[in-house]
Amino acid sequence: MQIPYGKQEITEADIQAVEKVLRSDFLTQGPAIAAFEKAFSEYVGAKYAVAVSNGTAALHLSVLALGLQPGQKVITTPITFVASANCVCYAGGEIELADIDPETYCIDLEAVREKLQNASPGEYAGIIPVDFSGYPVNTEALRQLADEHNLWILEDACHAPGGNFMDSKENTIRCGDGTYVDATVFSFHPVKHIAAGEGGMITTNSEEIYQKLVQLRTHGITKDANILQENHGGWYYEMHDLGYNYRLTDLQAALANSQLTLTNERLEKRLAIAQRYDEAFEHLEIRKQKTPEGKHAFHLYVVEVEDRKALYNYLRENGIYAQVHYIPVHYMPYHAVVAQKGTLPNAERYYEHCLSLPMYPTLTTEEQAYVIQKVTDFIG
Ligand SMILES: Cc1ncc(COP(=O)(O)O)c(C=O)c1O
């Protein structure tokens, strides 16, 4: 038996959706993009959605559209995939890492507050919270703090489509609905909830940010007659900004849109798997993430154990390919200048003990029982 930590599921309908594009006139810049953007914006409850080539491109374009200037600082979490931090560097900004909350494994509001306490005006531009493993960050509380310092919030929800939390007014706030954040990014890498091979999305309720994103996605080029400085005819376009080619293809958009139709169903399967793990590990020496007030999207199911390396090796010997998410950002040689080892104790302690167990909708109850058995054998 070989069990990975994550795996995509491709249906016959997905294949047909891609085939339909292959037989159409557009492989890119065609109608499948707009159709996916519309469906996705409705799914998360945001006004606008902009599809791009991957989650990293979504982060990069977002910080540019939000106006990050070279030299400005942005706060993010050390427990994330490096892309959440790298996007700041792409734009010439500087990363500041605020420690995680040991209960939620997401950025700690108090650690963010501490960073901002003695900041001079304009020193910090924004905050990038990450809905780590699918845990919906309380962006209402973060918004309050961001507003005190005139900062934008870019939510990295690459792990959390379908996640939500309850705010203080008892409203359900969906990850990506833009209620408390300026923009939200998602990834459609195959281990994520929606598999497009590669793909990403930015959602926002700001028309200004939306327009900037659309332009930056295609080289900074516009054909909008209201914006053009001159107009030589039907062929004419102007480049107004230094943009990129971060477009998604129609093939990927069609696949992702087809996957989107099953997202809720699959999320329920993830929740059921998490519940079975929770019950099985209740009396074992295993630490787990706090349960959120709302819906966890369970991209990952993480446990903390005393001897993580030994458990990782033991599971591998038994065909179970658990993973470690993540090596802290400041442990990366490239980012070592951002923070010294020893300065982010919660993140570092978490990294010593964490392990992501298999979590994907097609994980069968037999396979999960096998994983539970092996973990129990080891811990017991
Ligand atoms: C939290 C987080 N942010 C950003 C990314 C980048 O997404 P992509 O791989 O689509 O570029 C990932 C992907 O692994 C991620 O997990």
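Here the structure is a predicted model, which means the values were calculated and not measured.

Visitor: An account of the sheet that holds strand β17 (residues 354–357) is needed here, citing residue identities and associated values.
Guide: Judged by pairing direction, the sheet is antiparallel, and its three strands sit side by side in the order β13-β15-β17 without closing on themselves. Each edge of the open sheet is held by one strand with a lone partner, namely β13 (287–288) and β17. Lying over the sheet, helix α9 (residues 263–281) contacts β13, β15 (301–304) and β17, oriented at roughly 20° with respect to β15.

Visitor: So what's going on with the nonpolar core? Which residues, and what values?
Guide: Phe132, Trp152, Leu154, Tyr277, Phe281, Tyr301 and Leu357 are the most contacted members of the largest nonpolar core, which has 87 residues in total. Counting residues per element, this core draws most heavily on helix α3 (residues 55–65), at six residues. Of the residues that make up this core, three or more belong to each of domain 1 (3–260) and domain 2 (263–379). In contact with Phe281, not counting residues within four places along its chain, are Ile286, Tyr301, Val303, Leu357, Ile372 and Val375. Of all hydrophobic cores here, the second largest spans 25 residues; its members include Phe40, Ala157, Ile194 and Ala196.

Visitor: Let's hear about the domain arrangement of the chain: which residues, and what values?
Guide: Partitioning the chain into structural domains gives domain 1 (3–260) and domain 2 (263–379). Listed by partner, the interface residues are 45 residues for domain 1 and 50 residues for domain 2. Taken together, the two surfaces of domain 1 and domain 2 that pack against each other cover about 4,200 Å², and 59% of this comes from carbon and sulfur. Inspection of the region where domain 1 meets domain 2 yields two salt bridges.

Visitor: Now, about the side chain of Ser356: what can you tell me, with residues and values included?
Guide: The residue Ser356 is located in strand β17 in this model. Here the side chain of Ser356 touches His325 through a polar contact of 2.7 Å, side chain to side chain. Residues in contact with Ser356, not counting those within four places in the same chain, are Tyr5, Leu300, Tyr301, Val302, Ala322, Gln323 and His325.

Visitor: I'd like a description of the packing of helix α1 (residues 12–22) against helix α8 (residues 250–260), backed by residues and values.
Guide: Viewed as axis vectors pointing N to C, α1 and α8 meet at an angle of 150°, and their least axial separation amounts to 8 Å. Our classification of the angle between α1 and α8 gives roughly antiparallel. Crossing hand, α1 versus α8: right-handed. Along its contact with α1, which presents Ala13, Asp14, Ala17, Val18, Val21 and Leu22, the element α8 presents Asp250, Leu251, Ala254, Leu255, Ser258 and Gln259. Residues that form the contact of α1 with α8 fall into these classes: eight nonpolar, two polar and two charged.

Visitor: Outline the environment of Gln211, supporting the account with residue identities and numerical values.
Guide: Within the secondary structure, Gln211 sits in helix α7 (residues 207–217). Separated by 146 residues in the primary sequence, Gln211 and Ala65 place their C-alpha atoms 8.8 Å from one another.

Visitor: Give a description of the site of the ligand that names residues and reports values.
Guide: Within the structure, the ligand sits among 16 residues, and Gly55, Thr56, Asp156, Ser187 and Lys192 are positioned closest to it. A distance of 3.1 Å separates an oxygen atom of the ligand from a polar side-chain atom of Tyr326. The protein chains hide 91% of the 390 Å² of surface that the ligand would expose on its own. Counting residues per element, the ones that place at least two in the shell around the ligand are α3 and α4 (83–90). Looking at the shell around the ligand element by element, the count peaks at three residues for α3. Classifying every residue of the shell around the ligand by side-chain character gives six nonpolar, eight polar and two charged.

Visitor: Tell me about the pairing of strand β9 (residues 183–187), residues and numbers included.
Guide: For β9, a buried count of five out of five residues is recorded, marking the element as mostly surrounded by other parts of the structure. The alternating pattern of β9 places Ala183, Val185 and Ser187 and Thr184 and Phe186 on opposite faces, both of which are buried. Judged from the three bridges that link them, strand β6 (residues 152–156) and β9 form a sheet pairing that is parallel. Bridge assignment links Leu154 to a residue of β9, and that residue is Ala183. Pairing between β9 and strand β10 (residues 200–204): four bridges, direction antiparallel. Of the residues in β10, the one forming a bridge with Thr184 is Thr203.

Visitor: Describe helix α12 (residues 365–379), with residues and values.
Guide: Within an α-helix, residues lying three or four positions from one another point in the same direction, as the helix has 3.6 residues per turn. If you check α12, its first and last C-alpha atoms are 21 Å apart, about what 15 residues at 1.5 Å a residue would give, namely 21 Å. Contacts from the buried residues of α12 go to β1 (3–4), α9, α10 (308–317), β16 (320–321) and β17.

Criteria and cut-off values
- Residues numbered from 1 in each chain as written.
- Predicted model: local features only at pLDDT ≥ 70, side-chain atom pairs only at ≥ 80, totals over all residues.
- Heavy atoms only, no water.
- Pairing = 2+ DSSP bridges.
- Helix = DSSP H or I, 4+ residues; strand = E, 2+ residues; numbered from the N terminus.
- Contact = heavy atoms within 4.5 Å.
- Axes fitted to C-alpha atoms, helices over the stretch in contact; angles between N-to-C directions.
- Core = buried A, V, L, I, M, F, W, Y, C linked by side-chain atoms within 4.5 Å.
- Buried < 20%, exposed > 50% of the residue type's maximum accessible area, 1.4 Å probe, protein only.
- Domains from an automatic or database assignment.
- Buried area = accessible area lost by both parts, 1.4 Å probe.
- Salt bridge = Lys/Arg side-chain N within 4 Å of Asp/Glu carboxyl O.
- Polar contact = N/O pair within 3.5 Å; in protein donor to acceptor, adjacent residues only side chain to side chain.
- Parallel < 35°, antiparallel > 145°, perpendicular 65-115°, else oblique.
- Left-handed = near helix turned anticlockwise from the far one by under 90°.
- Nonpolar A, V, L, I, M, F, W, Y, C, P; charged D, E, K, R; others polar.
- Near = heavy atom within 4 Å.
- Areas by Shrake-Rupley, 256 points an atom, 1.4 Å probe, with all protein chains shown as cover.
- Expected span 1.5 Å × (residues − 1).

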